[in-house]
Amino acid sequence: MQDKERLTGEIRELKEKRRAVILSHVYQRPEVQDVADFVGDSLELSRKAAATDAEVIIFCGVHFMAESAAILSPDKVVVLPTLEAGCPMADMVDEIALARRKKELPGALVVAYVNTSAEVKAASDICCTSANAVKIVSSLPPDREILFIPDQNLGRWVRRQTGRPMHFWEGHCNTHDKLRPEDILEAKAAHPAAVVLAHPECRPEILDLADAVASTTGMLRYAKESPKREFIVATETGLLYPMRQACPDKEFYPAATRLVCPNMKRTTLDKVRDALTTLRPRVTVEPQVREKALAALARMLELS
Ligand code: 13P
Ligand code: SF4
């Protein structure tokens, strides 16, 4: 039997035994997405993590996502199959640097992209994802200053959509920020009829060249609903798999094949199997941190 089939079978059996649910981000490897009970973007995954009645959540994604699951479902066992799967963008802000910045901006509301640690969320007023950032920022009182952390590309895009002045943090996604206008122009030259879809973690000059800017799920929805047949996808290349599955009659081209997040690819089927066997590595959050971080996440979920 093929390795993949054997591992998939073992995972299915262990999942029943452990009363576990497997959640996968859309950037995960195809075979990992295939064994998941639910595949989605950060917002959908946090909703699922909050609502599941499973005893164990196997989170196939990166550390901050599993941490959000632990914040939202403290009575569940949350397992991240590989602890090294971090998010370099989330590591660009910590609670000490944030406290310093907050002192410089007294009264400013802190909007934290979910790509942050639990400690940073705990020191923030409200969270957002790329799917709801415009809505979250628009909901804030117009007389309050805003500090948007840590992704300045997403922040600048939200500022453009809402017209709200904002202070930014100098953070970015190492994967999306690598994309250059030349990549898009080359892809367009190769596929002149294709629609360009871009994630707001890309630089502003990329978003200027896009036909639509949306979160991963937003891009997927756009492709499904569009009468067009070809799409250039400016985000982590993992999204091409669910896109091709959802629209087998359409063509999807990566804006650049190097748009790969190494952390998202660290989770493999054997690590998922091991995580179900040992229920490790576990992700937990200190109760005092959890309570405050939950407040920021819950405000976001109420508004979404
Ligand atoms: P989505 O919120 O669109 O899933 O993107 C999040 C992301 O970049 C995960 O790293
Ligand atoms: Fe972090 Fe970017 Fe990877 Fe998402 S794609 S996990 S933002 S490094």
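Please refer to the structure higher up on the page.
One structure accompanies this document, and this report is about it. (Residues numbered from 1 in each chain as written. Chains lettered and ligands numbered in written order. Predicted model: local features only at pLDDT ≥ 70, side-chain atom pairs only at ≥ 80, totals over all residues. Heavy atoms only, no water.)

**Some thoughts on the side chain of threonine 235**
Step number 1: Of note, threonine 235 is situated in the loop between strand E11 (230–234) and helix H12 (240–246).
Step number 2: Of the residues examined, threonine 235 reaches a relative accessible area of 1% and is grouped as buried.
Step number 3: Within the structure, threonine 235 has its side chain in polar contact with the side chain of tyrosine 27 (distance 2.8 Å).
Step number 4: Within the local environment of threonine 235, its side chain forms a polar contact with the side chain of histidine 176, the two groups lying 2.7 Å apart.
Step number 5: Setting aside residues no more than four positions away along its own chain, threonine 235 makes contact with Tyr27, His176, His199, Thr216, Met219 and Leu259. (Helix = DSSP H or I, 4+ residues; strand = E, 2+ residues; numbered from the N terminus. Buried < 20%, exposed > 50% of the residue type's maximum accessible area, 1.4 Å probe, protein only. Polar contact = N/O pair within 3.5 Å; in protein donor to acceptor, adjacent residues only side chain to side chain. Contact = heavy atoms within 4.5 Å.)

**Here we look at the sheet that holds strand E2 (residues 38–40)**
Step number 1: Spatially, 4 strands are ordered E2-E1-E3-E4 in an open sheet, and the strand pairing comes out parallel. Both outer strands of the open sheet, E2 and strand E4 (77–79), are each paired with one neighbouring strand and no more. The sheet shows a mean angle of 20° between the axes of neighbouring strands, direction not considered.
Step number 2: This element, helix H13 (residues 269–278), spans strand E1 (20–25), strand E3 (56–60) and E4 of the sheet and lies at about 160° to E3. (Pairing = 2+ DSSP bridges. Axes fitted to C-alpha atoms, helices over the stretch in contact; angles between N-to-C directions.)

**Observations regarding the site of ligand 2**
Step number 1: Every residue close to ligand 2 is listed here: Tyr27, Val62, Cys87, Pro88, Asn115, Cys173, Glu201, Cys261 and Met264.
Step number 2: Considered class by class, the residues forming the shell around ligand 2 number 7 nonpolar, 1 polar and 1 charged. (Near = heavy atom within 4 Å. Nonpolar A, V, L, I, M, F, W, Y, C, P; charged D, E, K, R; others polar.)

**Examining the site of ligand 1**
Step number 1: Contacts to ligand 1 come from 13 residues, most closely from His25, Ser42, His199, Glu201 and Thr216.
Step number 2: Compared with its free state, where it exposes 300 Å², ligand 1 has 95% of that area covered by protein.
Step number 3: Across the shell around ligand 1, the residue classes tally to 4 nonpolar, 7 polar and 2 charged. (Areas by Shrake-Rupley, 256 points an atom, 1.4 Å probe, with all protein chains shown as cover.)

**Describing unusual backbone geometry**
Step number 1: The step from isoleucine 149 to proline 150 runs through a cis peptide bond, and the omega angle for that step is -15°.
Step number 2: Assignment of secondary structure puts proline 150 in the loop between strand E7 (146–149) and helix H8 (152–162).
Step number 3: Residue proline 281 is reached from arginine 280 by a cis peptide bond, and omega for that bond is -5°.
Step number 4: Note that proline 281 resides in the loop between H13 and helix H14 (287–303).
Step number 5: Residues other than glycine seldom take positive phi values, yet arginine 19 does so here, at roughly 50°.
Step number 6: By the secondary structure assignment, arginine 19 is in the loop between helix H1 (3–18) and E1.
Step number 7: In the Ramachandran plot, leucine 279 falls in the positive-phi region, its phi being about 55° despite a non-glycine side chain.
Step number 8: Residue classification places leucine 279 among the buried positions, given a relative accessible area of 11%.

**Considerations on the pairing of strand E5 (residues 109–113)**
Step number 1: Along E5, 5 of the 5 residues are buried, which leaves the element largely enclosed by surrounding structure.
Step number 2: Where E5 lies against E7, 4 bridges are found, and the strand directions are parallel. Within the sheet, the bridge partner assigned to valine 111 lies in E7 and is phenylalanine 148.
Step number 3: Pairing geometry for E5 and strand E6 (residues 126–128), over 3 bridges, is parallel. From the neighbouring strand, valine 111 faces E6, where its bridge partner is isoleucine 126.

**A short note on the state of the cysteines**
Step number 1: Applying the stated rule across the entire model yields 0 disulfides.
Step number 2: Free of any disulfide, cysteine 202 has its nearest neighbouring cysteine sulfur in cysteine 173, separated by 8.3 Å.
Step number 3: Judged by its relative accessible area of 0%, cysteine 202 is buried. (Disulfide = S-S within 2.5 Å.)

**Considerations on the packing of aromatic side chains**
Step number 1: Taken as a whole and assessed by the stated rule, the structure comprises 1 aromatic pair.
Step number 2: Ring geometry for phenylalanine 231 against phenylalanine 252: centres 5.3 Å apart, planes inclined by 20°, an arrangement best described as stacked. With a gap of 21 residues between them, phenylalanine 231 in strand E11 and phenylalanine 252 in strand E12 (residues 251–254) connect regions that are remote in the sequence. Each member of the pair, phenylalanine 231 as well as phenylalanine 252, is classed as buried. (Phe/Tyr/Trp six-rings, centres within 6.5 Å; stacked < 30°, edge-to-face > 60°.)

**A look at the sheet that holds E5**
Step number 1: With respect to topology, 4 strands assemble into an open sheet ordered E6-E5-E7-E8, the strand pairing being parallel. Two strands bound the open sheet, and with one partner strand each, they are E6 and strand E8 (167–168).

**Comments concerning the pattern of salt bridges**
Step number 1: Within this structure, the stated rule accounts for 14 salt bridges.
Step number 2: Taking the shortest distance from any N to any O, the salt bridge between glutamate 10 and arginine 6 comes out at 3.0 Å. Placement of the pair is glutamate 10 and arginine 6 together in helix H1, with a separation of 4 residues, close to one helical turn.
Step number 3: Put simply, lysine 76 and aspartate 75 hold a salt bridge, and the shortest N to O gap is 4.0 Å. (Salt bridge = Lys/Arg side-chain N within 4 Å of Asp/Glu carboxyl O.)

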